[in-house]
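Chain by chain, the residues run as shown.
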Amino acid sequence: MAEEQKDNKRPGSGQQGGGDGKKQMNFYWIYALIAMVLIAMMVFNTSGDGKQIDYREFKAYAENGYIKRLEYNGVKANVFLDSSGRAALSNNTGNQPVMTGLSRSSDCWFNVPPSENKIDEIETLGDKYGFEVEYKPINEFGQNLLFWIVGFGLIIGVWVLIMRRLGGPSGPGGQIFSIGKSKAQLFEKGKGTAVTFNDVAGLEGAKQEVQEIVDFLKNPKKYTELGAKIPKGALLVGPPGTGKTLLAKAVAGEAQVPFFSLSGSDFVEMFVGVGASRVRDLFRQAKEKAPSIIFIDEIDAIGRARSKSINFGSNDERENTLNQLLTEMDGFATNSGIIILAATNRADILDKALLRAGRFDRQIYVDMPDLNERVQIFHVHLKNVKFDKSIDVEFLARQTPGFSGADIANICNEAALIAARKGGTNVGRQDFLDAVDRIIGGLEKKNKIITAEEKSTIAYHESGHAIVSWLLEHASPLVKVTIVPRGRSLGAAWYLPEERQITTTEQIFDEMCAALGGRAAEEVAFGKISTGALSDLEKVTKQAYAMVTVYGLNKKIGNRSYYDSSGESQFTKPYSEETAKVIDEEVSKIIERAYDKAREILISHKEKLDALAKKLLDKEVIFKDDLEEILGARKWADRHTPELQPVIPNP
Ligand code: ADP
Ligand code: ZN
């Protein structure tokens, strides 16, 4: 990688071929030109020999006997003074005599007035006051030449130094000189991309799709002979951490071609034109190494839909970059052997032009792993972990619903760290469970200072969530309640939300009741409420607005959705002031209704609330079994949980 980049660093070498090369050199030459002009100005300014005086002053110096020596060339005379003369000169001007060049030059000079007898006069003055007068053509040309050589030498020296020091891609400030260069990381054939499809667990569908790309890169003839065109680009769409980058790397690893990897935000810089220049540079490099793969992660950073109104023109730079990318993608022939893979988790906000045929015409969905896939991912990441062989990997997968591949990789690592901290010889089951807790909830804060009163409030709050959700049919089943402070939360009730694609009004409403159960419990137990319900309220408010304005679940507003999937009318409300008022009223009605329901439940189960809170204060963490003990078995079986789903802590 390093060698590759260095070659491109020389401003003038080997790049004259295309128009591309010229543009990229601009950045260097502007700096070089400025430096040269500055130095040239300096050099020209230093041609004087000390201070300029006039003829009258010269005569005064001579009469005072200050002059030691004088050189003249008929036009100009350089005067060398003795020490008292120099003192007088600096007194006169308030400045030290200027020293220039490498050797000491004269102290001052004057223009010899253009008449013959002036020369004679100088000679007589010399005789009279005892200083040497020498006719010496002052070699200005020679002097200037010297300055130029020295000046240029300096420039070149400094230049070489800077290029050496900062030129490297990793050097501090290397940016200044390589700003128009693509920041892509290059993984050469066989180096760095040792990833194969075996390292990617699950994602069978996606793997199959990219398999074709690998196949094409390996033997393009098979396709071209049939007249088939391989897609120029494929877009991997899916939530973060699901293995998009991994998949792209596996493609490169399997195809044994160079792999350029960079993030969409790498194109963007404060300076205008840089993004486009980087795109050009990236494609130039990729062409040189073809067949090759370019992988642009988080392409939404540049690929967001271009704004339609001219008023919001502030994102010109991003749009220029995007335009350049589109141009480049059009510019190379289908069979030139460059394939562009890009990843995003927001395919919906991408510019339509990017998705049309001939560009990223193929979209590959990379989803969150299901139970089976999680088992496979665990297997991949447990390969290098020394773990207790009695651990059932499927059990681990069941404990991690809603986790992405990256989360699972993280758990395996975290569990190993926890085990190491304990000094164990291998990673046990509890280490994995602790790692799961830690990744969901953040670090345990054992020594956070919480007063007894606060602790009791937290216990009632969490018990409130637990009881309300337990007693409502459509609320998600609870797995665990804790008042151990973790991360930024003081306690949490953890649910296993069911896997569902659509949600009914009842379900949303019951979930809102459960979320408000915390605050309601505080009111029921202490008669006062606290700020502890902030995130509950935030969640509930959002849900209520979504019910009314997005999903059309409110009678008064009716079957309307003000949701705009194209994201065009972000700044204007698509409804009238009156409707806005009705929406606000309805939202507040729904929330108050949910709160009242939660409170009613808790009032009628007050002694159970007390019992649960007490138990929680006692044990700090309680599970489903403890709840069953106090509340009795849940009336509604956890009907729709073919698979455990995300554990969502409810602070
Ligand atoms: P994305 O690009 O989708 O955000 P990454 O590809 O960067 O996610 O994934 C991050 C890490 O998570 C990978 O390096 C890998 O260790 C792990 N990972 C994610 N998905 C998988 C998977 N399907 N199989 C194995 N490991 C995975
Ligand atoms: Zn809460």
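Above this note sits the structure.
1. A closer look at the packing of helix α11 (residues 274–288) against helix α13 (residues 316–331)
In step 1: As a packed pair, α11 and α13 sit with axes 7 Å apart at the nearest point and diverge in direction by 25 degrees. Considered as vectors, α11 and α13 are oriented roughly parallel to each other. α13 is crossed by α11, and the crossing has right-handed handedness. Of the residues in α13, those touching α11 at Val-274, Gly-275, Ala-276, Val-279, Arg-280, Phe-283 and Lys-287 are Glu-317, Asn-320, Thr-321, Gln-324, Leu-325, Glu-328 and Met-329.
In step 2: For the contact of α11 with α13, a count of residues per class yields six nonpolar, four polar and four charged.

2. Some words on the environment of Gly-464
In step 1: Inspection of the secondary structure assignment puts Gly-464 in helix α19 (residues 452–471).
In step 2: Between the C-alpha atoms of Gly-464 and Ala-493, which are 29 residues apart in sequence, the distance is 9.4 Å.
In step 3: Contacts of Gly-464, omitting those with residues within four sequence positions, involve Gly-517, Gly-518, Ala-521, Leu-602 and Leu-609.

3. Describing the packing of aromatic side chains
In step 1: In the structure shown here, the tally under the stated rule is ten aromatic pairs.
In step 2: What links up through ring pairs into an aromatic cluster is the set Tyr-55, Phe-58, Phe-110 and Phe-131.
In step 3: The ring centre of Phe-387 lies 4.2 Å from the NZ or CZ of Lys-389, which sits over that ring.
In step 4: Just above the ring of Phe-395 sits the side chain of Arg-429; from NZ or CZ to the centre is 3.9 Å.

4. Examining the pairing of strand β9 (residues 292–297)
In step 1: For β9, the tally of buried residues reaches six of six residues, placing the bulk of the element in the interior.
In step 2: By the bridge criterion, five bridges tie strand β8 (residues 259–263) to β9 in an arrangement that is parallel. Looking at β9, one finds that Ser-263 is bridged to Asp-297.
In step 3: Taken together, the five bridges between β9 and strand β10 (residues 338–344) define a ladder with parallel strand orientation. By the bridge assignment, Ile-293 is partnered in β10 with Ile-339.

5. Concerning the packing of helix α20 (residues 505–526) against helix α21 (residues 534–550)
In step 1: With their axes 9 Å apart at the nearest point, α20 and α21 run at an angle of 160 degrees to one another. One way to sum up the angle between α20 and α21 is to call them roughly antiparallel. Crossing of α20 against α21: the hand is left-handed. From α20, Thr-505, Ile-508, Glu-511, Met-512, Ala-515, Leu-516 and Arg-519 reach across to α21, where they touch Asp-536, Leu-537, Lys-539, Val-540, Gln-543, Ala-544 and Met-547.
In step 2: For the contact of α20 with α21, the residue count by class is eight nonpolar, two polar and four charged.

6. Considering a nonpolar patch on the surface
In step 1: A cluster of nonpolar side chains, contributed by Met-36, Phe-152, Ile-156 and Val-160, occupies part of the molecular surface with about 330 Å² of accessible area.
In step 2: Sorting elements by how many residues they give to the nonpolar patch places helix α6 (residues 140–167) first, with three residues.
In step 3: With respect to the element layout, Ile-156 can be found in helix α6.

7. What about helix α18 (residues 429–441)?
In step 1: In a regular helix each residue adds 1.5 Å, so 13 residues correspond to 18 Å; α18 covers 18 Å between its end C-alpha atoms and thus fits that length.
In step 2: On its buried face, α18 sits against α15 (371–382), α16 (393–399), α17 (405–422), β12 (478–482) and β13 (492–495).

8. As for empty space enclosed by the protein
In step 1: Tallied over the entire structure, the rule returns four cavities of 30 Å³ or more.
In step 2: Roughly 50 Å³ of volume is contained in the second largest cavity.
In step 3: Contributing to the lining of the second largest cavity are Ala-201, Gly-202, Leu-203, Thr-242, Asp-367, Pro-369, Glu-373, Ile-377 and Gly-405.
In step 4: When its residues are assigned to classes, the lining of the second largest cavity shows four nonpolar, three polar and two charged.
In step 5: Summarising the domain contributions, the lining of the second largest cavity has at least three residues from each of domain 2 (185–308 + 315–365) and domain 3 (371–441).

Cut-offs used in this document
Residues numbered from 1 in each chain as written. Chains lettered and ligands numbered in written order. Predicted model: local features only at pLDDT ≥ 70, side-chain atom pairs only at ≥ 80, totals over all residues. Heavy atoms only, no water. Axes fitted to C-alpha atoms, helices over the stretch in contact; angles between N-to-C directions. Helix = DSSP H or I, 4+ residues; strand = E, 2+ residues; numbered from the N terminus. Parallel < 35°, antiparallel > 145°, perpendicular 65-115°, else oblique. Left-handed = near helix turned anticlockwise from the far one by under 90°. Contact = heavy atoms within 4.5 Å. Nonpolar A, V, L, I, M, F, W, Y, C, P; charged D, E, K, R; others polar. Phe/Tyr/Trp six-rings, centres within 6.5 Å; stacked < 30°, edge-to-face > 60°. Lys NZ or Arg CZ within 6 Å of the ring centre and 35° of its normal. Buried < 20%, exposed > 50% of the residue type's maximum accessible area, 1.4 Å probe, protein only. Pairing = 2+ DSSP bridges. Patch = residues over 30% accessible without salt bridge, like charges linked within 9 Å, V, L, I, M, F, W, Y side chains within 5 Å. Areas by Shrake-Rupley, 256 points an atom, 1.4 Å probe, with all protein chains shown as cover. Salt bridge = Lys/Arg side-chain N within 4 Å of Asp/Glu carboxyl O. Expected span 1.5 Å × (residues − 1). 1 Å grid on protein atoms, 1.4 Å probe; cavity = no way out; pocket = protein on both sides within 12 Å on 5 of 7 lines; lining within 4 Å. Points joined across faces, edges and corners; volume = space filled by probe spheres on them. Domains from an automatic or database assignment.

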